[in-house]
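The residues making up each chain are set out below.
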There are 2 protein chains.
Amino acid sequence: MKILDKINSPKDVKNLTTEEMNILSEEIREAILNRVNKVGGHLGPDLGIVEATIALHYVFNSPSDKIIFDVSHQCYPHKIITGRKEGFTNPSEHPEISGYSNPAESEHDHFVIGHTSTSISLATGMAKARDLAKEKTNIIALIGDGSLSGGEAFEGLNNAAMLKSNIIIVINDNEMSIAENQGGLYKNLELLRKTNGQANNNIFTAMGFEYHYVDEGNNTNKLIEAFTKVKNIGHPTIVHIHTLKGKGYKPAEEDKETYHWQLPGFLEPKIAPENIEETYNTLTTNYIISKKQEGVPIVAITPATPGATGYDKEFRKILGSQFVDVGIAEQHSVGYASGLAKNGAKPILGVLSSFIQRAYDQISQDLALNNSPATILVYWGGISNADMTHLQTFDIPLISNIPNIVYLAPTNKEEYLAMLDWSVKQNKYSTAIRVPFGPVKSTGKKDDTDYSLINKFEITEIGEKIAIIGVGDFYELAKEIKTEILNKLQIKSTLINPKFLTGIDEELLEKLKENHQIVVTLENGVLDGGFGEKISRYYGPTNMKVLNYGGKKEFTDRIPLHELYKKYRLTKELITEDIVKILA
Amino acid sequence: MKILDKINSPKDVKNLTTEEMNILSEEIREAILNRVNKVGGHLGPDLGIVEATIALHYVFNSPSDKIIFDVSHQCYPHKIITGRKEGFTNPSEHPEISGYSNPAESEHDHFVIGHTSTSISLATGMAKARDLAKEKTNIIALIGDGSLSGGEAFEGLNNAAMLKSNIIIVINDNEMSIAENQGGLYKNLELLRKTNGQANNNIFTAMGFEYHYVDEGNNTNKLIEAFTKVKNIGHPTIVHIHTLKGKGYKPAEEDKETYHWQLPGFLEPKIAPENIEETYNTLTTNYIISKKQEGVPIVAITPATPGATGYDKEFRKILGSQFVDVGIAEQHSVGYASGLAKNGAKPILGVLSSFIQRAYDQISQDLALNNSPATILVYWGGISNADMTHLQTFDIPLISNIPNIVYLAPTNKEEYLAMLDWSVKQNKYSTAIRVPFGPVKSTGKKDDTDYSLINKFEITEIGEKIAIIGVGDFYELAKEIKTEILNKLQIKSTLINPKFLTGIDEELLEKLKENHQIVVTLENGVLDGGFGEKISRYYGPTNMKVLNYGGKKEFTDRIPLHELYKKYRLTKELITEDIVKILA
């Protein structure tokens with residue numbers, strides 16, 4: 001019988017001997033590898049935090065003592081210990097348990113968490129509420145070294161230090177962010193590691209925290225000792241633990257970046273890589289490389305997610321000092337890009353739709369208000385089957401309602417490259433481009449649109465009665481609907497590729513009035529505040545009927561795309577049905 | 001003849017003797033006092049930075065050496081030295097020069113800046129661009145100690161420390177934010193001041209910066225000496241200068257918070273204060289105080305702008321530990337509120353519309369995704385005659401397109417108090433309330449609406465043909481239009497107070513179809529992504545005509561409201577004209 005078989009709640013950890021805890025650690029690692037190999041997920045950070053999680057549950061009493069996770073990249077061992085091991089050991093239960101902290105699953109989780117750098121703020125609030133209720137519990141924030149560079153984490157530290165009561169911030173220092181750590185903060189963490197926590201120069205004590213260091217962060221006894229020392233402590237305290245990212249799985253220990261996260265099947269023997277397919281990522285990196293080779297002062301920036309945007313190790317090597325990973329720091333990444341652009345360089349910031357929302361004020365104030373000609377590439381934007389913490393559905397309302405910025409939505413490879421090139425060459429506008437998701441579509445024909453004609457939509461096929469405006473990758477859906485309408489209703493619709501998300505082409509919309517009765521808009525994102533509503537507003541006072549299609553304003557959680565499309569009536573059949581009703 | 005008369009550009013400073021620079025300092029102070037007394041503006045920070053600005057221009061060569069200001073609260077002496085003194089000495093020229101850094105005014109300004117904590121990011125980008133161009137200039141960020149707590153500043157420091165070239169960050173430490181500094185960071189600044197910069201524990205050296213301290217930050221010679229030492233330095237460097245906020249004007253030296261900013265006429269003799277009028281600020285603070293007295297664990301939070309939201313010294317005293325100034329840290333303020341709410345406290349975060357946009361991701365992820373029942377009070381929201389950096393026009397699209405959160409728009413005192421009370425008592429929704437701007441309107445009748453009926457609009461007057469939906473403080477305009485229409489067209493319109501901004505009342509909108517042809521929406525904010533567009537979308541496929549009124553998506557700069565209203569057709573006459581056209 002395994003030790004893990006007896007672990008159904010944190011209480012069960014408290015009776016274990018050290019030896020049993022060590023065995024349990026290995027069993028938990030096996031469970032983690034098993035799950036990630038089946039459904040994918042975060043591997044390295046979870047493998048590294050196993051002993052610390054056991055020690056936390058051994059020393060503290062969850063859920064009355066509260067452990068707040070940061071970004072949830074290290075919550076698997078916690079889930080396993082707190083009654084959710086089936087989600088790791090039993091494949092049929094895998095989908096029941098998410099990869100992120102979630103109170104709906106367990107009283108041991110306190111927040112739904114998936115974006116970084118939030119745990120200290122959340123924990124500081126919880127600690128303050130506890131004090132007002134005159135309760136005595138431990139509030140523990142568990143944050144990785146990588147997440148510490150995010151502004152909210154620092155704001156949280158700054159405020160947490162002012163508490164006159166218990167808060168324990170455990171810094172899981174595995175010497176890595178998603179990729180390598182970047183920044184001055186990490187010089188201090190390195191010094192602290194090198195001096196076994198004894199260095200005088202210590203950012204945390206400088207801010208007023210009591211500070212403890214555990215060099216052997218995968219040694220259960222040492223961790224228990226440290227946590228016992230700070231349990232019920234009456235003032236803000238840091239426990240800095242030094243762990244091994246990927247511990248126990250050699251490939252992950254050796255290549256920490258690659259194994260930060262893995263797709264299903266990573267344990268199976270690897271098939272020799274095929275010829276690398278063309279993707280929007282390779283199109284982007286090839287373009288950037290060619291500009292560098294031409295001597296353009298192009299700078300590729302990532303806020304700590306180089307992998308997601310195709311900025312791989314080979315690319316970084318070629319770019320040299322013209323590739324900059326600013327660390328988890330989306331706000332800074334935008335301000336930095338603005339500074340670069342204003343001083344003559346050509347910054348390209350690549351960021352996922354879900355994370356660009358961490359820099360709204362910087363896009364507005366640092367960038368657009370200054371008309372800094374930087375380019376933001378927004379990746380993965382669209383209605384999303386992801387976890388509710390990682391939806392990519394909100395970037396159109398977020399960006400397109402900010403003045404000055406030009407937000408472009410290409411529908412294929414040639415448009416994308418033309419927009420990218422225009423954006424890099426011009427010096428007048430702050431721009432963003434919604435990089436298409438999925439396989440590359442090509443017309444095979446160079447796009448020679450003049451994108452300096454801002455907000456000029458393109459009529460791609462002239463028809464009558466019905467006009468269909470397909471935004472970005474939903475342009476393909478527009479074509480399908482056109483065919484469906486032709487077949488069902490024998491009407492030849494007009495097809496429009498708007499290209500611009502930040503304004504409308506009034507001249508074109510005005511012209512449509514002459515021989516159209518219905519305008520349909522399709523956008524791969526939330527409808528509220530998005531593109532289609534602007535078309536509805538324009539035609540509001542007229543006889544034109546407008547139908548807006550897109551996502552509903554909601555946090556969906558791992559819903560398959562075909563279900564969402566059906567729910568949102570985003571199929572050619574359902575939309576044609578709606579049109580028939582209006583024509584009737 | 002004054003020294004100032006001879007100062008038309010930074011070059012003219014370079015020829016001055018120390019004695020002349022000291023006289024110039026006093027003349028500049030006089031000019032600052034003169035301007036602020038005429039048009040209002042930032043006083044304390046500008047009075048404190050006079051000598052440092054003279055020293056910067058004496059040592060460095062602007063504009064080839066670039067000085068980047070943070071938040072622009074300390075750019076007046078710079079403006080005076082760089083050819084814009086008339087904006088301070090000559091009343092007729094005051095409006096020509098803004099209170100903020102602005103490249104349109106001078107080649108010595110590099111960005112339009114008005115939100116805090118951005119200078120280090122912008123400067124780091126500029127430095128990187130300079131390196132790529134293989135140029136040799138000094139890039140200087142000038143940031144106040146208060147602005148350092150903002151997350152972007154820390155993200156910027158973290159990245160700036162990695163530069164292998166010149167960047168000079170001047171920290172103007174006047175021991176104050178807008179109000180008092182808050183947070184652990186300030187313990188370290190205090191230690192550095194006390195040890196004349198010699199303490200081993202130093203956040204800046206910990207991050208890898210070279211560090212210099214100037215205790216006499218209002219001593220021109222000492223400043224020149226320090227700046228000369230770091231000029232052309234080849235690596236990231238901090239110059240920490242200790243200045244006196246408000247220097248040279250006794251009341252400002254003594255009451256630093258009050259004189260951070262002043263309205264016109266502050267130099268004139270004060271009239272004895274009248275009975276304090278009821279305002280939405282006093283309604284709020286009185287409500288919070290009453291809840292505290294009832295034993296509700298209410299917590300009033302401000303991100304460093306207590307004055308703007310009426311959290312004055314008296315209020316803070318009464319609230320005691322239930323008032324928390326988190327410092328300039330909007331992101332943290334929202335995460336903190338979420339933590340408080342999840343652990344049973346009742347947080348009320350008061351924040352200006354212009355600044356709430358610094359926490360979009362936190363409202364979405366930390367708060368709304370978690371349904372944390374915190375209350376955000378959004379102040380000053382509306383079409384704005386402010387500087388382009390401080391528009392308050394974008395909060396409706398920003399907040400109302402986030403799922404889960406309930407954004408309420410009261411039209412009068414009774415509604416506001418009922419919404420506030422509902423928000424504090426319920427535990428189901430994250431809420432925000434758009435606090436009305438301007439004088440208090442009262443019906444004299446308690447509002448007993450059940451706000452748990454989410455998205456339920458109220459028909460306040462039943463009419464026909466035309467329905468007017470007036471959002472928040474534009475409900476008054478809706479009433480005026482109703483009267484105008486009655487007089488001009490003899491039509492009795494329907495009047496609707498929507499109360500909710502985060503959804504639509506489909507049942508009500510459906511019913512309007514029965515005997516209405518036109519729906520007019522009025523919102524005090526930008527139209528793009530806002531409330532009215534949702535009504536247009538709803539009626540898009542129908543025969544209903546919809547007219548949306550609100551602001552245009554643009555950065556306007558100190559345009560009087562009546563001009564903006566006219567431009568946006570936001571008058572009863574112009575709107576009635578539009579209606580007549582449609583009815584024709």
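Procedures and definitions
Residues numbered from 1 in each chain as written. Chains lettered and ligands numbered in written order. Predicted model: local features only at pLDDT ≥ 70, side-chain atom pairs only at ≥ 80, totals over all residues. Contact = placed C-beta atoms within 7 Å. Helix = DSSP H or I, 4+ residues; strand = E, 2+ residues; numbered from the N terminus. Nonpolar A, V, L, I, M, F, W, Y, C, P; charged D, E, K, R; others polar. Pairing = 2+ DSSP bridges. Axes fitted to C-alpha atoms, helices over the stretch in contact; angles between N-to-C directions. Domains from an automatic or database assignment. Least-squares fit on C-alpha atoms with pLDDT ≥ 70 in both. Buried ≥ 20, exposed ≤ 12 C-beta atoms within 10 Å, placed from the backbone.

1. Observations regarding the interface of chain B and chain A
Note: interface size is frequently given as the accessible area lost on complex formation between the parts. Residue-level contacts link 94 residues of chain B with 94 residues of chain A. Elements represented by at least two residues in the side of chain B that touches chain A include exactly α7 (119-132), α8 (151-160), α9 (185-194), α10 (203-206), α15 (330-342), α17 (360-367), α22 (531-539) and β18 (545-551) of chain B. Class assignment for the residues of the side of chain B that touches chain A results in 37 nonpolar, 41 polar and 16 charged.

2. Here we look at the sheet that holds strand β4 (residues 167-173) of chain B
Residues and elements named next belong to chain B. Spatially, the five strands line up as an open sheet ordered β2-β3-β4-β6-β5, and their pairing is parallel. Each edge of the open sheet carries a strand with a single partner, namely β2 (66-69) and β5 (210-214). Recorded for the sheet is a direction-independent mean angle of 20 degrees between the axes of neighbouring strands. Relative to strand β3 (residues 139-144), β2 runs parallel, the two sharing four bridges.

3. Observations concerning the sheet that holds strand β15 (residues 465-470) of chain A
Residue and element names in this part refer to chain A. The five strands are arranged β14-β16-β15-β17-β18 in an open sheet whose pairing can be described as mixed. With partners counted over all chains shown, the strands left at the sheet margins are β14 (458-461) and β18 (545-551), one partner each. Adjacent strand axes in the sheet meet at a mean angle of 25 degrees when their direction is disregarded. Packed onto the sheet, helix α20 (residues 475-489) meets β15, β16 (494-497) and β17 (516-526) and runs at close to 160 degrees relative to β15.

4. A look at the domain arrangement of chain A
Residues and elements named next belong to chain A. Along its sequence, chain A is carved into domain 1 (4-262), domain 2 (280-434) and domain 3 (458-583). Look at where the C-alpha atoms of domain 2 and domain 3 centre, and you get two points 27 Å apart. Listed per partner, the contact involves 23 residues of domain 2 and 26 residues of domain 3. Of all the secondary-structure elements, those providing two or more residues to the side of domain 2 that touches domain 3 are α18 (395-400) and β12 (406-408). Considered class by class, the residues forming the side of domain 2 that touches domain 3 number 13 nonpolar, seven polar and three charged.

5. Some remarks on the environment of Gly463(B)
Residue and element names in this part refer to chain B. Take glycine 463: it is sitting in the loop between β14 (458-461) and β15 (465-470). Between the alpha carbons of glycine 463 and leucine 495 there is a distance of 7.5 Å; along the sequence they are 32 residues apart. Among residues more than four places away in sequence, those in contact with glycine 463 are Lys492, Ser493 and Thr494.

6. A short note on the relation of the copies chain B and chain A
Note on the copies: chain B fits chain A at an RMSD of 0.0 Å, the axial shift is 0.0 Å, and the rotation between them is 180 degrees. The relationship between the two copies is best expressed as a two-fold rotation axis. Comparing contact sets, 100% of the residues at the interface of chain B also lie at the interface in chain A, consistent with an isologous, same-surface contact.

7. Re the environment of Gly144(B)
All names here are of chain B. Mapped onto the elements of the fold, glycine 144 is located in strand β3. On the neighbour-count criterion, glycine 144 (30 C-beta atoms within 10 Å) is buried. Considering only alpha carbons, one finds glycine 144 and alanine 161, 17 residues apart in sequence, at a separation of 18 Å. Contacts of glycine 144, omitting those with residues within four sequence positions, involve Pro45, Asp70, His73, Gln74, Asn172 and Asn174.

8. Some thoughts on unusual backbone geometry
Each neighbour pair has its own omega, and for Ser62(A) with Pro63(A) the value is 10 degrees, a cis peptide bond. Mapped onto the fold, Pro63(A) is located in the loop between α4 (50-59) and β2 (66-69). With a phi close to 55 degrees, Lys134(A) is a non-glycine residue in the positive phi region. Relative to the helices and strands, Lys134(A) is located in the loop between α7 (119-132) and β3 (139-144). Judged by C-beta crowding, with 7 C-beta atoms within 10 Å, Lys134(A) ranks as exposed. Positive phi is not limited to glycine here, since Lys499(B) has a value of about 65 degrees.

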